[in-house]
Amino acid sequence: MKYIIAIIKPHKLDEVREALTGIGVAGMTVSEVKGFGRQKGQTENYRGAEYTTNMVPKIKIEIACSADTVAAVNEAITNAAGTGSIGDGKIFEFDLAGALRIRTGDTGETAL
């Protein structure tokens, strides 16, 4: 099993969710986060005054999946979230040691 964390632009969430649903991803966790990378922040206007913030709003998507679906998940996220410009995001992949569905007691991939 694998655990995937994707950081994407907020306006791309619906496209990514639809792409993941289309390949059979049954669930995900979504969080609003802030951070920076090569973008180095952004300039915004508030009440006529321009200011620079060093933290950019992003969306973090967390997905647990079987090892044989990782490539399809990564491809779906990349195709749906990509704009070709800086700040499109990143995908991180981890080995997942185990999973347990609380309601039924299912473990491993059957818990996903």
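Throughout this document, residue positions are counted from 1 along each chain, in the order its sequence is written. For this predicted model, a pLDDT threshold of at least 70 governs which residues receive local features, and a threshold of 80 or more governs which side-chain atom pairs are given and counted, while totals over whole chains, interfaces and linings are taken from all residues. Side-chain figures throughout are based on the complete set of non-hydrogen atoms in the structure, without hydrogens or water.

Named according to an unreviewed UniProt entry, the protein is Nitrogen regulatory protein P-II originating from Sphingorhabdus arenilitoris.

A.B. asks: How do you make sense of the overall build of the protein when you look at a structure like this?
C.D. replies: Secondary structure counts use DSSP, requiring at least four H or I residues in a row for a helix and at least two E residues in a row for a strand, with both numbered from the N terminus. Across its full length, the protein carries two helices and six strands. Counting from the amino terminus, helix and strand elements in the protein follow one another as β-α-β-β-β-β-α-β. Under the scheme applied here, a residue whose accessible area is under 20% of the maximum for its type counts as buried, over 50% as exposed, and between as partly exposed, the area being computed with a 1.4 Å probe on protein chains only. Burial status across the protein gives 29% buried among its 112 residues. Looking at the protein as shown, the accessible area adds up to about 7,300 Å², and 51% of this sits on carbon and sulfur atoms. In this description, accessible areas are obtained by the Shrake-Rupley approach with a 1.4 Å probe, and a residue is regarded as covered only by the protein chains that are shown.

A.B. asks: Got a minute to help me understand the side chain of E62 in this structure?
C.D. replies: As for its position among the elements, E62 is in strand β5 (residues 56-65). Buried within the structure, E62 lacks any salt-bridge partner; its nearest side chain of opposite charge belongs to K60, at an N-O separation of 4.3 Å. Between N or O atoms, a polar contact is any pair within 3.5 Å; within protein, one atom must be a potential hydrogen donor and the other a potential acceptor, and residues adjacent in sequence are included only when both atoms are from side chains. A polar side-chain atom of E62 sits 2.4 Å from a polar atom in the side chain of Y3. Note on contacts: a residue pair qualifies if any of its non-hydrogen atoms lie within 4.5 Å across the two residues. Not counting residues within four places of it along the chain, the set of residues in contact with E62 comprises Y3, I4, I5, M28, T29 and S31. The sign given to each residue is positive for Lys and Arg and negative for Asp and Glu; His and the chain ends receive no count. Whenever a carboxyl oxygen of Asp or Glu lies within 4 Å of a side-chain nitrogen of Lys or Arg, that contact is scored as a salt bridge.

A.B. asks: Is there a simple way to think about the sheet that holds β5 in this case?
C.D. replies: Strands pair in a sheet through their backbones, by hydrogen bonds, and they do so in one of two ways: parallel or antiparallel. DSSP-based pairing: two strands are paired if at least 2 bridges between them are found. Here four strands make up an open sheet; going across it, the order is β2-β5-β1-β6 and the pairing antiparallel. The open sheet has two edge strands with one neighbour each: β2 (29-35) and β6 (89-95). The average angle at which neighbouring strand axes cross in this sheet is 20°, direction not considered. Helix axes are fitted to C-alpha atoms over the stretch in contact, other axes to C-alpha atoms as well, and angles between N-to-C directions run from 0 to 180 degrees. The strands that helix α1 (residues 13-22) touches are β1 (2-8), β2 and β5; relative to β5, the one it contacts most, it runs at about 10°. Sitting on the sheet, helix α2 (residues 70-81) is in contact with β1, β5 and β6, with an inclination near 5° to β1.

A.B. asks: Before we go on, may I ask you to explain the pattern of salt bridges in this structure?
C.D. replies: Between side chains of opposite charge, a pair can form as their charged atoms come close. With the rule as written, the count across this model stands at four salt bridges. Here E93 makes a salt bridge to K2, at a shortest N to O gap of 3.8 Å. Highlighted residues: E93 in strand β6 and K2 in strand β1, separated in sequence by 91 residues. Since its relative accessible area comes to 41%, E93 is described here as partly exposed.

A.B. asks: Even after reading the chapter, I still don't get the nonpolar core, so can you show me in this structure?
C.D. replies: Among the nonpolar cores identified, the biggest contains 16 residues, and I8, V16, L20, I63, V73 and I77 are the most heavily contacted of them. Mapped onto this core, the elements with two or more residues apiece are β1, α1, β5 and α2. The element that contributes the greatest number of residues to this core is α2, accounting for six residues. Setting aside residues up to four positions removed in sequence, I8 forms contacts with L13, V16, K58, I59, I61, I77, A81 and D88. Definition of nonpolar core: a set of buried residues of the types Ala, Val, Leu, Ile, Met, Phe, Trp, Tyr and Cys, connected through side-chain atoms within 4.5 Å.

A.B. asks: What exactly am I supposed to notice about the packing of α1 against α2 here?
C.D. replies: Think of two packed helices as two axes; the pair is described by the angle between the axes and how far apart they sit. Direction vectors running N to C along α1 and α2 enclose 150°, while the axes themselves pass 8 Å from each other. Taken as axis vectors, α1 and α2 run roughly antiparallel relative to one another. α1 and α2 meet at a crossing whose hand is right-handed. Only V73, A76, I77, A80 and A81 of α2 make contact with α1, whose side of the interface consists of E15, V16, A19 and L20. Classification used: nonpolar for Ala, Val, Leu, Ile, Met, Phe, Trp, Tyr, Cys and Pro, charged for Asp, Glu, Lys and Arg, polar for all others including Gly. Its residues assigned to classes, the contact of α1 with α2 comprises eight nonpolar, no polar and one charged. We call two directions roughly parallel when the angle between them is under 35 degrees, roughly antiparallel when it is over 145, roughly perpendicular when it lies between 65 and 115, and oblique otherwise. By convention the crossing between two helices is left-handed if the near helix lies anticlockwise of the far one by an angle smaller than a right angle, and right-handed if it lies clockwise.

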